[in-house]
Amino acid sequence: MKLNELRDNEGATHRKKRIGRGPGSGKGKMGGRGIKGQKSRSGVAIKGYEGGQMPLYQRLPKRGFNNINSKTYSVVNLGLIQKFIDAGKIDVKAEITEDALIASGLIRRKKDGIRVLAKGEFTAKAKISVTGASKGAVAAVEKAGGSLTVTTPAAAE
């Protein structure tokens with residue numbers, strides 16, 4: 001293969017449709033917009049408009065509410081923590097904190113804190129300190145001989 005033989009795959013590129021370029025083009029004169037009216041003009045955006053009929057988003061009933069004070073946690077399972085310990089990405093001798101979990105690559109971001117759930121096997125004798133944990137997770141860590149402490153997150157000013 002030479003540089004002058006490089007081509008896009010078949011069907012990867014399309015020719016631009018030239019609208020309003022004479023009757024021979026098939027999209028001439030009105031350019032496929034019909035005659036007169038708001039939609040035939042340029043700069044028109046009628047997103048939820050239904051010709052004066054009550055729009056669908058206004059006809060449907062509204063339900064529920066969004067709690068602005070709700071917290072969203074990054075969730076991690078004990079089985080995954082054990083997997084990272086076995087791979088040597090998390091040091092068991094040191095306390096496993098939220099920052100250690102992020103540094104190991106197990107979690108991408110903290111959000112409002114990290115919550116540990118009990119899914120998977122956990123055998124390491126580790127000291128874990130996180131924002132939240134399920135009762136099953138606390139029991140599983142203590143059964144393995146470690147400790148799981150739940151810390152309250154620092155209040156955001």
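In the block above lies the structure referred to throughout.
First, a word on what this report is: a plain description of the structure on this page.

## Thoughts on the overall build of the chain
Regarding its fold elements, the chain presents four helices and five strands. Going from N to C terminus, the chain has its helices and strands arranged as α-β-α-α-β-β-β-α-β. Compactness check: the chain gives a C-alpha radius of gyration of 30 Å against a globular reference of 15 Å for 157 residues, more than 25% above the reference. Projecting the C-alpha coordinates of the chain onto the three principal axes gives extents of approximately 85 × 60 × 30 Å. Considering the chain as a whole, with its 157 residues, one finds that 22% of them fall into the buried category. Sequence separation of 24 or more characterises 42% of the internal contacts of the chain that already satisfy a separation of 6 or more. On the chain, roughly 12700 Å² of surface is accessible, and the fraction owed to carbon and sulfur atoms is 51%. Taken as two groups, the 31 positive and 13 negative side-chain charges of the chain have centres that lie 17 Å from each other.

## Focus: unusual backbone geometry
Here the phi dihedral of K29 falls at roughly 50°; this positive angle occurs in a residue that is not glycine. With respect to the helices, strands and loops of the structure, K29 is situated in the segment before α1 (56-59). Residues other than glycine seldom take positive phi values, yet K36 does so here, at roughly 50°. Turning to its location among the elements, K36 is positioned in the segment before α1.

## Structural notes on the side chain of S134
Relative to the helices and strands, S134 is located in the loop between β4 (132-133) and α4 (135-143). For S134, the contacting residues outside a window of four places in its chain are R115, V116, L117 and A118.

## Topic: a nonpolar patch on the surface
On the surface, M1, L3 and L6 cluster together into a nonpolar patch covering about 440 Å² of accessible area. On the secondary structure map, L3 appears in the segment before α1. Residue L3 is classed as exposed on the basis of its relative accessible area, which comes to 76%.

## Remarks on the sheet that holds strand β2 (residues 114-117)
Sheets are built from strands that pair by backbone hydrogen bonding, the pairs being arranged parallel or antiparallel. Taken together, the three strands give an open sheet; going across it, the order is β1-β2-β4, and neighbouring strands pair in parallel fashion. Bordering the open sheet on either side are β1 (74-77) and β4, each of which pairs with just one other strand. Its contacts with the sheet put helix α2 (residues 78-86) on β1 and β2, and the angle it makes with β1 is roughly 70°.

## A closer look at α2
For α2, the set of buried residues is L78, I81, Q82, F84 and I85. Along the axis of α2, the buried positions cluster into a sector of 165°, meaning they face one direction only. Of the exposed residues in α2, those oriented more than 90 degrees away from the buried face are K83 and D86. If you follow the buried residues of α2, they end up packed against β1, α3 (98-104), β2, β3 (127-130) and α4. Note on α2: the residue one or two positions beyond its end, G88, has a positive phi of about 80°.

## Points about the pattern of salt bridges
In a structure, side chains of opposite charge can pair up when their charged atoms sit close to one another. Within the structure shown, the criterion is met by four salt bridges. Residues E5 and K2 are paired through a salt bridge, measuring 3.8 Å at the closest nitrogen-oxygen approach. For K2, a relative accessible area of 54% puts it in the exposed group. K110 is the salt-bridge partner of D99, the closest N and O atoms lying 3.6 Å from each other. Note that D99 is positioned in helix α3 and K110 in the loop between α3 and β2, a separation of eleven residues in sequence. D99 gets classed as exposed once you look at its relative accessible area, which sits at 52%. Salt bridges here are not isolated pairs; linked through shared partners, they connect E98, D99 and K110.

Thresholds, definitions, all that
- Note on numbering: residues in each chain are counted from 1, in written sequence order.
- Since the coordinates come from a predicted model, pLDDT governs what is reported: local features require at least 70, and pairs of side-chain atoms require 80 or more to be given and counted, while whole-chain, interface and lining totals use all residues.
- Hydrogens and water molecules were not included; the side-chain quantities draw on all heavy atoms of the structure.
- We count a stretch as a helix when DSSP gives it H or I for four or more residues in a row; a strand needs E for two or more, and each element gets its number in order from the N terminus.
- In this treatment the radius of gyration is a C-alpha quantity, and the globule benchmark scales as 2.2 Å times the residue count to the 0.38 power.
- The buried label goes to any residue with under 20% of its type's maximum accessible area, the exposed label to any with over 50%, and the partly exposed label to all in between, with areas taken from a 1.4 Å probe on protein chains only.
- Only heavy atoms matter for contacts: two residues are in contact if any of them lie within 4.5 Å across the pair.
- All accessible-area figures derive from a Shrake-Rupley calculation using a 1.4 Å probe, and residue coverage is judged against the displayed protein chains alone.
- The positive count covers Lys and Arg only, the negative count covers Asp and Glu only, and His and the chain ends enter neither.
- One atom stands in for each charge, and that atom is NZ of Lys, CZ of Arg, CG of Asp or CD of Glu.
- Residues enter patches when they are more than 30% accessible in relative terms and free of salt bridges; like-charged ones are connected within 9 Å and nonpolar ones (Val, Leu, Ile, Met, Phe, Trp, Tyr) within 5 Å.
- In what follows, salt bridge is the name for a side-chain nitrogen of Lys or Arg lying within 4 Å of a carboxyl oxygen of Asp or Glu.
- One bridge is not enough; two strands pair if DSSP finds at least two bridges between them.
- Axis definition: a line fit to C-alpha positions, over the contact stretch in the case of helices; interaxial angles, taken between N-to-C directions, run 0 to 180 degrees.
- It is the directions from the helix axis to the C-beta atoms whose arc is reported.

Nothing here speaks to function; it is geometry throughout.
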